[in-house]
Amino acid sequence: MTDQRPIGFWLKLVDRLIDERFALTLEEHGVTRRQWQLLNVLARGNATVEALDAAVEPFLAVDDGESADEHLAELVDSGWVAVTPSGYELTEHGRTALNGLSVVVQANRELASQGVTEEEYDRTLATLERIARNLGWSET
């Protein structure tokens, strides 16, 4: 039997490859992966910067002071996101852009999951969640 690489190797590798693929795909459309994520959160409804930070926190370098705020500025400038008294909201222009981007992102997801059954994918997610919880993660 050959030596099996540890889970950390595969997690880091897949994470890097996903980031690279998303960066290439989304850059062509003028957005970053963080901005894509923020647009998706805002598609569910208005949100404060604190709520947006919490929603994308696993992807931010919070130790370096990174927050959703810096990723929102360009979205506001582009007219995709509006600043409201209660926080941020997706504009109609932003919804249209998000719908177009969703098609491209779905193609990336389909590429990444080729040859993986829905059952295998769901089991992988459940296993990773269990590992994260075992290591102290919680949704709160």
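Details of the structure are given in the entry above.
Residues numbered from 1 in each chain as written. Predicted model: local features only at pLDDT ≥ 70, side-chain atom pairs only at ≥ 80, totals over all residues. Heavy atoms only, no water.

This part takes up the pairing of strand β2 (residues 87-90). Examined bridge by bridge, strand β1 (residues 81-84) and β2 share 4 bridges and lie antiparallel to one another. Looking at β2, one finds that V83 is bridged to Y88. (Pairing = 2+ DSSP bridges. Helix = DSSP H or I, 4+ residues; strand = E, 2+ residues; numbered from the N terminus.)

With that out of the way, let us pick up the packing of helix α1 (residues 7-27) against helix α2 (residues 33-43). Running from amino to carboxyl end, α1 crosses α2 at an angle of 80°, the nearest separation of the two axes being 9 Å. On the basis of their axis angle, the class for α1 and α2 is roughly perpendicular. Contact residues: I18, D19, F22 and L26 in α1; R33, R34 and W36 in α2. Residues of the contact of α1 with α2, tallied by class, amount to 4 nonpolar, no polar and 3 charged. (Axes fitted to C-alpha atoms, helices over the stretch in contact; angles between N-to-C directions. Parallel < 35°, antiparallel > 145°, perpendicular 65-115°, else oblique. Contact = heavy atoms within 4.5 Å. Nonpolar A, V, L, I, M, F, W, Y, C, P; charged D, E, K, R; others polar.)

Quick look at the nonpolar core now. L39, L42, L52, L72, L75, W80 and V81 are the most contacted members of the largest nonpolar core, which totals 24 residues. Taken together, the elements giving at least two residues each to this core come down to α1, α2, α3 (49-56), α4 (68-77), β2 and α5 (92-112). Here the element with the most residues in this core is α2; it accounts for 5 residues. Beyond its immediate sequence surroundings of up to four residues, W80 is in contact with H29, V31, L39, L75, E89, L90, T91, H93, G94, A97 and L101. (Core = buried A, V, L, I, M, F, W, Y, C linked by side-chain atoms within 4.5 Å. Buried < 20%, exposed > 50% of the residue type's maximum accessible area, 1.4 Å probe, protein only.)

Picture a little ball the size of a water molecule; that probe, rolled over the atoms, points out where space is still empty. What the largest pocket holds in volume is close to 2300 Å³. Contributing to the lining of the largest pocket are 40 residues, with I18, R33, F59, L125 and L128 lying nearest its centre. When contributions to the lining of the largest pocket are tallied by element, the ones reaching two or more residues are α1, α2, α3, α5 and α6 (118-134). A per-element tally of the lining of the largest pocket places α1 first, with 9 residues. When grouped by side-chain class, the residues that make up the lining of the largest pocket number 23 nonpolar, 7 polar and 10 charged. (1 Å grid on protein atoms, 1.4 Å probe; cavity = no way out; pocket = protein on both sides within 12 Å on 5 of 7 lines; lining within 4 Å. Points joined across faces, edges and corners; volume = space filled by probe spheres on them.)

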